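# Per-entry structural report
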Amino acid sequence: MYVTVKQLAKYLDLSEEYILQQIHLGHVKPIFDGENHLLNQQQFLWHKEQLDLKRKQLALEAEEPIPEDWDAKDED
């Protein structure tokens, strides 16, 4: 299924500018229909899974309390 850059950005929860930048860098190969860049959404399933895993990992890390510095109390 081919989607526009806007639809893909919403699907991946990324900015349209980032996807356009990746197209211009040659990292993503679109089809240009004369008006829009069209991308195959199926090619991004693995990428979406990896983004979701990374977001979950970052959320878990943000919830962890920062341990006290063991040396901070011995300075004086």
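As a starting point, this report considers the structure included with it. (Residues numbered from 1 in each chain as written. Predicted model: local features only at pLDDT ≥ 70, side-chain atom pairs only at ≥ 80, totals over all residues. Heavy atoms only, no water.)

### Description of the environment of Arg55
Filter applied, for reference: Starting at the N terminus, helices and strands are each numbered in turn, a helix being any DSSP run of H or I of at least four residues and a strand any DSSP run of E of at least two. Each residue gets one of three labels from its accessible area relative to the maximum for its type: buried under 20%, exposed over 50%, partly exposed in between, using a 1.4 Å probe on protein chains only.
Mapped onto the elements of the fold, Arg55 is located in helix α3 (residues 45–63). Residue classification places Arg55 among the partly exposed residues on the basis of a relative accessible area of 32%.

### Remarks on the packing of helix α1 (residues 5–12) against helix α2 (residues 16–25)
Filter applied, for reference: Orientation is described by axes fitted as lines to C-alpha atoms, over the contacting stretch for helices, and by angles from 0 to 180 degrees between their N-to-C directions. Crossings are classed by handedness, with left-handed meaning an anticlockwise turn of the near helix from the far one by less than a right angle and right-handed meaning a clockwise turn. Residues are treated as being in contact if the distance between any of their heavy atoms lies within 4.5 Å. Polar here means any residue outside two lists: the nonpolar Ala, Val, Leu, Ile, Met, Phe, Trp, Tyr, Cys and Pro, and the charged Asp, Glu, Lys and Arg; Gly therefore counts as polar.
The contact between α1 and α2 brings their axes to 9 Å, and the two run at 115°. Of the two elements, α1 crosses α2, and the hand of that crossing is right-handed. Across the interface between the two elements, Val5, Lys6, Leu8 and Ala9 from α1 touch Glu16, Ile19, Leu20 and Ile23 from α2. The residue makeup of the contact of α1 with α2, split by class, is six nonpolar, no polar and two charged.

### Points about unusual backbone geometry
Here the phi dihedral of Asp13 falls at roughly 60°; this positive angle occurs in a residue that is not glycine. You can see Asp13 is positioned in the loop between α1 and α2. A relative accessible area of 56% means that Asp13 is categorised as exposed.

### Focus: the side chain of Gln41
Along the chain, Gln41 falls in the loop between β3 (37–40) and α3. Excluding residues that lie within four positions of it along the chain, Gln41 makes contacts with Met1, Val3 and Tyr11.

This is a description of form; function is not addressed.
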